Amino acid sequence: MRAFRSMSAAAILLCGLSAASLSIDTLRAHEAGSSLSLERIWAIPPDAGHGKTLYQLHCRPCHGSHGWGDGPRAIPALAGQREKYLIAQLVHFAEGRRSGQGMHDTMQQPDLNWPQAIRDLAAFLSTAPRSPGPEYSGDPDLSVGRRLYKAACKDCHGPSAEGTAAGVPALGGQQYRYLTEQLDNFSAEHRDAANPRLPPAVAMASLSTRDVEDIANYLAHLSYLTADNAQ
Ligand code: HEC
Ligand code: HEC
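Each chain carries its own residue numbering, running from 1 in the direction its sequence is written. Think of it this way: whatever chain is written first is A, whatever ligand is written first is 1, and the rest follow in order. With the structure being a predicted model, the display of local features is reserved for residues of pLDDT at least 70 and the display and counting of side-chain atom pairs for 80 or more, all residues being used for whole-chain, interface and lining totals.

Q: Hey, could you run me through the overall build of the protein in this one?
A: The secondary structure listing takes helices from DSSP runs of H or I that are at least 4 residues long and strands from runs of E that are at least 2 residues long, numbered from the N terminus. The secondary structure content of the protein amounts to 13 helices and 0 strands. Taken from N to C terminus, the helices and strands of the protein fall in the order α-α-α-α-α-α-α-α-α-α-α-α-α. Backbone-placed C-beta atoms define the burial measure: a residue is buried with 20 or more other C-beta atoms within 10 Å of its own, exposed with 12 or fewer, and partly exposed in between. Across the 231 residues in the protein, those meeting the buried criterion constitute 45%. Here, residue contact means that the backbone-derived C-beta atoms of the two residues sit within 7 Å. Contacts spanning at least 24 positions in sequence make up 80% of the contacts within the protein whose residues lie at least 6 apart.

Q: Please explain the environment of Pro159 as it appears in this structure.
A: Examined against the element boundaries, Pro159 turns out to sit in the loop between helix 10 (154-157) and helix 11 (176-187). Residues Pro159 and Gly172, 13 residues apart in the sequence, show an inter-C-alpha distance of 9.7 Å.

Q: Please clarify how the site of ligand 1 should be interpreted in this entry.
A: The rule is simple: place the C-beta atom from the backbone, and if it lies within 6 Å of a molecule or strand, the residue is near it. What surrounds ligand 1 is a group of 21 residues, the closest being His58, Cys59, Cys62, Gly100 and Gly102. Of all elements in the fold, only helix 5 (60-63), helix 6 (83-94) and helix 7 (103-107) reach the threshold of two or more residues within the shell around ligand 1. Here the residues of the shell around ligand 1 are counted per class, giving 12 nonpolar, 8 polar and 1 charged. Ten residues, namely Ala, Val, Leu, Ile, Met, Phe, Trp, Tyr, Cys and Pro, are considered nonpolar, four, namely Asp, Glu, Lys and Arg, are considered charged, and the remaining ones, Gly among them, are considered polar.

Q: Would you mind going over the packing of helix 4 (residues 48-58) against helix 8 (residues 115-127) with me for this structure?
A: Geometry of a packed helix pair, given as the angle between the helix axes and the separation of the axes. Fitted lines through C-alpha atoms serve as axes, helices being fitted only where they are in contact, and the angles separating the N-to-C directions of these axes extend from 0 to 180 degrees. At a closest axis distance of 7 Å, the pairing of helix 4 and helix 8 adopts a crossing angle of 90 degrees. Considered as vectors, helix 4 and helix 8 are oriented roughly perpendicular to each other. Counting all contacts with helix 4, which are made through Ala48, His50, Gly51, Lys52, Leu54 and Tyr55, the residues of helix 8 involved are Ala117, Asp120, Leu121, Ala123, Phe124, Leu125 and Thr127. Here is the rule for angles: anything less than 35 degrees is roughly parallel, anything more than 145 is roughly antiparallel, 65 through 115 is roughly perpendicular, and the remaining ranges are oblique.

Q: Can you walk me through the nonpolar core in this structure?
A: The nonpolar side chains of a soluble globular protein tend to be buried with one another. Think of a nonpolar core as buried Ala, Val, Leu, Ile, Met, Phe, Trp, Tyr and Cys residues chained together by C-beta atoms that fall within 7 Å. By size, the foremost hydrophobic cluster in this structure holds 53 residues, and its most contacted members are Ile87, Leu90, Leu121, Leu125 and Leu219. Every element with two or more residues in this core is listed here: helix 3 (38-42), helix 4, helix 6, helix 8, helix 9 (143-152), helix 11, helix 12 (199-205) and helix 13 (209-221). Among the elements that line this core, the one with the most residues is helix 6, at 8 residues. Excluding anything up to four places from it in sequence, Ile87 contacts Leu38, Ile41, Trp42, Ile118, Arg119 and Ala122.

Q: How should the packing of helix 6 against helix 8 be read in this particular structure?
A: As a packed pair, helix 6 and helix 8 sit with axes 9 Å apart at the nearest point and diverge in direction by 140 degrees. Taken as axis vectors, helix 6 and helix 8 run oblique relative to one another. Crossing of helix 6 over helix 8 shows right-handed handedness. Here helix 6 contributes Glu83, Leu86, Ile87, Leu90 and Val91 to the contact with helix 8, which in turn contributes Ile118, Arg119, Leu121, Ala122, Ala123, Leu125 and Ser126. Looking at side-chain class alone, the contact of helix 6 with helix 8 contains 9 nonpolar, 1 polar and 2 charged residues. Throughout, a crossing is termed right-handed when the near helix is turned clockwise from the far one, and left-handed when it is turned anticlockwise from it by less than a right angle.

Q: What am I meant to see in unusual backbone geometry here?
A: With a phi angle near 55 degrees, Ala74 is a residue other than glycine that sits in the positive phi range. Note that Ala74 resides in the loop between helix 5 and helix 6. The class for Ala74 is partly exposed, based on 18 C-beta atoms found within 10 Å. The phi torsion at Ala161 lies on the positive side, around 55 degrees, for a residue other than glycine. With respect to the element layout, Ala161 can be found in the loop between helix 10 and helix 11. Note on Ala161: 27 C-beta atoms within 10 Å, which makes it buried.

Q: I keep staring at the environment of Leu219 and nothing clicks. Help me out?
A: Looking at the secondary structure, you find Leu219 in helix 13. For the pair Leu219 and Tyr149, spaced 70 residues apart in the sequence, the C-alpha separation amounts to 8.4 Å. Setting aside residues up to four positions removed in sequence, Leu219 forms contacts with Tyr149, Ala161, Leu171, Gly172, Gln174 and Leu179.

Q: What should I look at first to understand helix 13 in this one?
A: By this rule, a helix spans an expected 1.5 Å times one less than how many residues it contains. Here helix 13 is 13 residues long and its end C-alpha atoms lie 19 Å apart, about the 18 Å a rise of 1.5 Å per residue gives. Listed as buried for helix 13 are Asp211, Val212, Asp214, Ile215, Ala216, Asn217, Tyr218, Leu219 and Ala220.

Q: Whenever I open this one, the confidence of the model for the protein confuses me. Can you help?
A: Should the pLDDT be low somewhere, the predicted coordinates at that spot are not to be read in detail. A residue's pLDDT is simply how confident the predictor is in it, with values from 0 to 100. Scored by pLDDT, the protein comes out at a mean of 82, with 78% of its residues at no less than 70. The low-confidence segment residues 1-33, where pLDDT is below 50, has 48 contacts with residues more than four positions distant or belonging to other chains.

So, in structure tokens, the structure goes:
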């Protein structure tokens, strides 16, 4: 019964999705006109050492000394995440287009709310060593999550959920509770900066709570954010 339900969900997802229809260009278009535009920030030469200093000063209390997040508090791992994705999210927080406990206030601080700081934080975090042990749900059966992921998510997020250099986020090795919260946010269209026409929002609308838990558990078990720490 459960397998049947999950397969139906996957079939529904596949009907509505086209991997080719989405790229970071969608986000770029969304950001045109912003003083913190992705293009402008990306063009700045990064100083990862400065990013590390800023990280230790402002981010460590929540995201942890290694950027590995905090499972019970649903705080995401950042170490090894895709660089362009990190830049885009920091811009969204800074501009109040994505909400998140403490994130907007943090990014309002004068030494963080400018292009060089965002560039440097992303450069440091994307090359930092990945978390060796994210939180997961404890259900040993990963087969349903794996099947749903491969059917509905893999084309964009990659075979190992490693994301892409163009800015699709890595999901493998992310904290379980953070993933379920974000998937719920997408389904409720509460992820403020996320364009509701983006496929994640469409996809999540078709997933049951149990499907979301299964996918998140599978992802939390996958080996870690980006496979090679590349951009
Ligand atoms: C008060 C705690 C707190 C502080 C301080 C904090 N964060 Fe966060 N951060 C969070 C929470 C909670 C989330 C999840 C937000 C959500 O629910 O969408 C988050 C999300 C993020 C994300 C999005 C990750 C993703 O996968 O989409 C990035 C990037 C991020 N934080 C970077 C930083 C950086 C860089 C700093 C320091 C300059 C920082 N954060 C400081 C709590 C914090
Ligand atoms: C067509 C491409 C595409 C497909 C298919 C897709 N995603 Fe995504 N996903 C994205 C993009 C792009 C983002 C970044 C959105 C943003 O900037 O807020 C994203 C964001 C996410 C996030 C937030 C990551 C974070 O660190 O906060 C999660 C979780 C996620 N997707 C899970 C999934 C799952 C699970 C599926 C399959 C059921 C899926 N996605 C299908 C492109 C896709």
